[in-house]
Amino acid sequence: MISLQKIIMNLILIGMPGSGKGTQAKMISEKYHIPKISTGDIFREQLHSGSHLAEKIRSHVDTGRLVNDEIVFDVVKERINRSDCSDGFLLDGFPRNINQAETFDRYIESFKKSVPNVMYLELPFEVIIKRLTSRRICPVCNRNYNLLTIPPAKDEICDVCNVGLLPRKDDDEATVRNRVKVFKSETVPLVDYYSLKKNLLEINADNAIEVVFENICSLLDSNSLAV
Ligand SMILES: [Zn+2]
């Protein structure tokens, strides 16, 4: 008798700001019916729910400190054990550093969970800078554009309101360069870490959104993810 194996799709998505990570995460989550889990979203949700973790998170947020790795791990662990993650999950923004990655790996191993595939959206540094400084927002309806990747129909004009678009706050070149530098210093070691573990899928993100998504899907479909 043939037994049907359950396919579990556990994924981690790594990409710098400007790599299109958020957009791809949403598309992957919809196509493969797995929840997209971002630590930012869980923190907001926990804070509203008043759970036991909420107090811990709040004490950090109130004092302006970064939420530490232990709390981040606790909230992720709680989230991936919910029933909607039984067929898999997509982690967006976690792990953020080696310490988080190692803690997560130990957890996966000790609870015999299926080892996640890690996808890295790769993009040259200069392309990231160009993309981030090309972001625009409509001052009236707050719609987001990107002159390179999601341009308005008319140059620098909102499709809906017909008013001039503005650069986003904190998107001047010096700030963007600094932000990307900080992110790069965290991301590169993480990519190396997963590369050594041989569960890294590298994706060229220097393409149109649809092309990148197609490449992701063919990688996911060809990688045997059955447990
Ligand atoms: Zn508008």
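Above this note sits the structure.
Description of the structure in this document. (Residues numbered from 1 in each chain as written. Predicted model: local features only at pLDDT ≥ 70, side-chain atom pairs only at ≥ 80, totals over all residues. Heavy atoms only, no water.)

**Let's talk about the overall build of the chain**
- The helix and strand tally for the chain stands at eight helices and eight strands.
- Taking 17 Å as the expected radius of gyration for a compact globule of 227 residues, we find that the chain reaches 19 Å, a close match to that expectation.
- On the principal axes, the C-alpha backbone points of the chain span a range of 60 × 45 × 30 Å.
- Counting every position in the chain, which comprises 227 residues, the buried fraction comes to 41%.
- Long-range pairs, those at least 24 residues apart, make up 69% of the contacts in the chain between residues at least 6 apart in sequence.
- Split by element, the accessible area of the chain, about 12700 Å² in all, is 54% carbon and sulfur. (Helix = DSSP H or I, 4+ residues; strand = E, 2+ residues; numbered from the N terminus. Rg over C-alpha atoms; globule rule 2.2 N^0.38 Å. Buried < 20%, exposed > 50% of the residue type's maximum accessible area, 1.4 Å probe, protein only. Contact = heavy atoms within 4.5 Å. Areas by Shrake-Rupley, 256 points an atom, 1.4 Å probe, with all protein chains shown as cover.)

**Side note on the coordination of the zinc ion**
- Every protein donor of the zinc ion is accounted for by Cys138 (SG), Cys141 (SG), Cys158 (SG) and Cys161 (SG), and the metal-donor separations fall at 2.3 Å.
- Around the zinc ion sit four donor atoms, and with donor-metal-donor angles ranging over 104 to 114 degrees the site reads as tetrahedral.
- Here the donor residues of the zinc ion are spaced in sequence according to C-x2-C-x16-C-x2-C. Of the two residues, cysteine 141 is situated in the loop between strand 5 (135-137) and strand 6 (144-146) and cysteine 158 in the loop between strand 6 and strand 7 (166-167); the sequence distance between them amounts to 17 residues. (Donors = N, O, S within 2.8 Å, 3.2 Å for Na, K, Ca; no water. Tetrahedral: all angles 85-135°; square planar, octahedral: opposite > 155°, others 65-115°.)

**Structural notes on the pattern of salt bridges**
- Under the defined criterion, the tally for this structure stands at 15 salt bridges.
- The partner of lysine 197 in a salt bridge is aspartate 105, and the shortest N-O contact between them spans 3.1 Å. Of this pair, lysine 197 sits in helix 7 (residues 173-197) while aspartate 105 sits in helix 5 (residues 98-110), and the two are 92 residues apart along the sequence.
- Measuring nitrogen to oxygen at the nearest pair gives 3.1 Å for the salt bridge that ties glutamate 173 to arginine 177. With a gap of four residues between them, glutamate 173 and arginine 177 both fall in helix 7, about one helical turn apart.
- Relative accessible area serves as the criterion here: at 29%, arginine 177 is assigned to the partly exposed category.
- Within this structure, Arg135, Arg168, Asp171 and Arg179 form a network of salt bridges that share partners. (Salt bridge = Lys/Arg side-chain N within 4 Å of Asp/Glu carboxyl O.)

**Some remarks on the pairing of strand 4 (residues 117-122)**
- In terms of burial, strand 4 is a largely internal element, five of the six residues being buried.
- Where strand 1 (residues 9-15) and strand 4 come together, five bridges link them in parallel fashion. Note on strand 4: the bridge partner recorded for isoleucine 12 is valine 118.
- Where strand 4 lies against strand 8 (residues 200-204), five bridges are found, and the strand directions are parallel. Looking at the pairing, glutamate 122 lines up with asparagine 204 of strand 8. (Pairing = 2+ DSSP bridges.)

**Re helix 5**
- Under the 1.5 Å per step criterion, the end-to-end length of helix 5 is 18 Å for 13 residues, consistent within 8% with the ideal 18 Å.
- Where helix 5 is concerned, the buried positions are Gln100, Ala101, Phe104, Asp105, Tyr107 and Ile108. The arc that holds every buried residue of helix 5, seen down its axis, measures 165 degrees, which confines them to one face. Every exposed residue of helix 5 that faces more than 90 degrees away from the buried side is listed here: Arg106, Glu109 and Ser110.
- As for helix 5, its buried residues are in contact with strand 1, helix 4 (69-80), strand 3 (88-92) and helix 7. (Expected span 1.5 Å × (residues − 1). Arc of directions from axis to C-beta.)

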